[in-house]
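# Commentary on secondary and tertiary structure
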Amino acid sequence: MVELPVLGQSLSPSGPAASSGGCGRLPRWLKRNIPKGKTPLQTADLLRQLRLNTVCEEALCPNRMECFAERTATFMILGDICTRRCGFCAVKKGKPRPLDPDEPRRVAEAARRLGLAHVVITAVTRDDLPDGGAEHFCRTVAAVRELTGATVEVLPSDFGGNPAAVARLVDACPEVYNHNTETVPRLYRQVRGRKADYRWTLEMFRQIRRLNPRIKTKTGMMLGLGETIEELIEWLAELAAAGCQMLTLGQYLQPSPAHLRVARYVPPEEFEYLGELARRVGFQQVASGPFVRSSYHARQMIAGSSFADHTAVK
């Protein structure tokens, strides 16, 4: 057990937000301004011209206009149809199309045109592929490196528990290997589906650290799904002990009525508190705030710079 200081408010469901299932009025800290100017549209147009998918658009990320305004995006490879049916995710589900062999080149070209210094590459889950898409990830990393001088962060699926697929991607030597934990073990089946296994999540981080200690390891979690603070901090301590070094904590927002309901909206001051607790249990870099997402300000995070989740209205 991790010894916890007293927290004024539990993370378990309580209060008006819980009773409304997150379907009522958003709290003031989850309201934000939309960036002005033409740059967001120009970024979106470039991605359409190159026929690229982004998790920003496919997963309805609340930060997408801010990131597009800064000429950055998180590329989503392996198509736009996922073979998993996670209860929180807005990405399309179903039978995927065959891999596009030209996709790695187009990702690299987009990174070049956007002038990205740090490129984040994620993907849909492809349980239909023997390696889960690991080789396609490696080709994309290689293409980005060949065309740009950018550092690379990969954010793959769990590869169906396949250690050989993880090892293949580690061989590509991304600067950051990110895998989203999403929630605490008790909620894994409900949130991530039957195929997700929290024990494999821990083993994956151990494997990456064994194979190449120079690669930075990272995970992201959503809050407001019904987790308790005791569960959260114990799980974070286990992840840190397994070798995960960087952490993002953000608020879960229900993308549609068909998805999991919000149990609670966590206020900004509680995110700050939890970020400090995460540092105490061993994470080297932590970004914690309502609008923080797994690749939000990823370049600053790898550089060890601090940044604020300044999107919320105070």
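It should be noted that the structure appears before, not after, this text.
Residues numbered from 1 in each chain as written. Predicted model: local features only at pLDDT ≥ 70, side-chain atom pairs only at ≥ 80, totals over all residues. Heavy atoms only, no water.

### Structural notes on the sheet that holds strand 2 (residues 74-77)
A sheet is described by the order of its strands in space; here eight strands give the open sequence 1-2-5-6-7-8-9-10, paired in mixed fashion. Strands with a single pairing partner mark the edges of an open sheet, and in this sheet they are strand 1 (53-54) and strand 10 (285-288). Bridging between strand 8 (residues 216-223) and strand 9 (residues 246-251) involves six bridges; their strand directions are parallel. Looking at strand 9, one finds that Met-222 is bridged to Gly-250. Packed onto the sheet, helix 5 (residues 103-114) meets strand 2 and strand 5 (118-123) and runs at close to 170° relative to strand 2. (Pairing = 2+ DSSP bridges. Helix = DSSP H or I, 4+ residues; strand = E, 2+ residues; numbered from the N terminus. Contact = heavy atoms within 4.5 Å. Axes fitted to C-alpha atoms, helices over the stretch in contact; angles between N-to-C directions.)

### Quick word on the environment of Arg-145
Tracing the backbone shows Arg-145 in helix 6 (residues 134-147). Of the residues examined, Arg-145 reaches a relative accessible area of 30% and is grouped as partly exposed. Linking Arg-145 and Ala-108, residues 37 residues apart in sequence, is a C-alpha distance of 7.8 Å. Discounting chain neighbours no more than four positions away, the residues touching Arg-145 are Val-152, Ala-172, Cys-173, Pro-174 and Glu-175. Only 2.6 Å separates the side chain of Arg-145 from the backbone oxygen of Cys-173, close enough to count as a polar contact. (Buried < 20%, exposed > 50% of the residue type's maximum accessible area, 1.4 Å probe, protein only. Polar contact = N/O pair within 3.5 Å; in protein donor to acceptor, adjacent residues only side chain to side chain.)

### Brief notes about the pairing of strand 5
Extensive coverage of strand 5 is indicated by the burial of six of its six residues. Side chains His-118, Val-120 and Thr-122 of strand 5 all project onto a buried face; the interleaved residues Val-119, Ile-121 and Ala-123 project onto the opposite face, where all are buried too. As judged from the four bridges shared by strand 2 and strand 5, these two strands associate in the parallel manner. Counterpart to Thr-74 in the pairing with strand 5 is Val-120.

### Some points on the packing of aromatic side chains
Per the stated rule, a full pass over the model turns up four aromatic pairs. Look at Tyr-188 and Tyr-198: their rings are 6.1 Å apart centre to centre, the planes differ by 80°, and that puts the pair in the edge-to-face class. Linking Tyr-188 in helix 8 (residues 188-192) with Tyr-198 in helix 9 (residues 198-211), this pair joins segments that are ten residues apart in sequence. The exposure class of Tyr-188 is buried, given its relative accessible area of 3%. We classify Tyr-198 as partly exposed; its relative accessible area is 31%. On the basis of an interplanar angle of 85° and a centroid distance of 5.8 Å, the ring pair of Tyr-198 and Trp-235 is categorised as edge-to-face. Residue Tyr-198 is located in helix 9, and its partner Trp-235 is located in helix 10 (residues 229-241); the two are separated by 37 residues in the primary sequence. A relative accessible area of 1% means that Trp-235 is categorised as buried. Put simply, the rings of Tyr-188, Tyr-198 and Trp-235 pair up and form one aromatic cluster. (Phe/Tyr/Trp six-rings, centres within 6.5 Å; stacked < 30°, edge-to-face > 60°.)

### Some remarks on the packing of helix 5 against helix 6
At a minimum axis distance of 8 Å, the contact between helix 5 and helix 6 shows a crossing angle of 35°. Once helix 5 is placed against helix 6, the crossing between them reads as right-handed. Residues Glu-103, Pro-104, Arg-105, Val-107, Ala-108, Glu-109 and Arg-112 of helix 5 pack against His-136, Arg-139, Thr-140, Ala-143, Val-144 and Leu-147 of helix 6. Its residues assigned to classes, the contact of helix 5 with helix 6 comprises six nonpolar, two polar and five charged. (Left-handed = near helix turned anticlockwise from the far one by under 90°. Nonpolar A, V, L, I, M, F, W, Y, C, P; charged D, E, K, R; others polar.)

### Brief notes about unusual backbone geometry
Positive phi outside glycine occurs at Phe-159, with the angle close to 55°. Relative to the helices and strands, Phe-159 resides in the loop between strand 6 (151-155) and helix 7 (163-171). Under the relative-accessibility criterion, Phe-159 is labelled buried at 5%. Its identity as a non-glycine residue notwithstanding, Cys-173 has a phi of 55°, on the positive side. Mapping Cys-173 onto the fold places it in the loop between helix 7 and strand 7 (176-178). Exposure remark for Cys-173: the relative accessible area of 36% places this residue in the partly exposed category.

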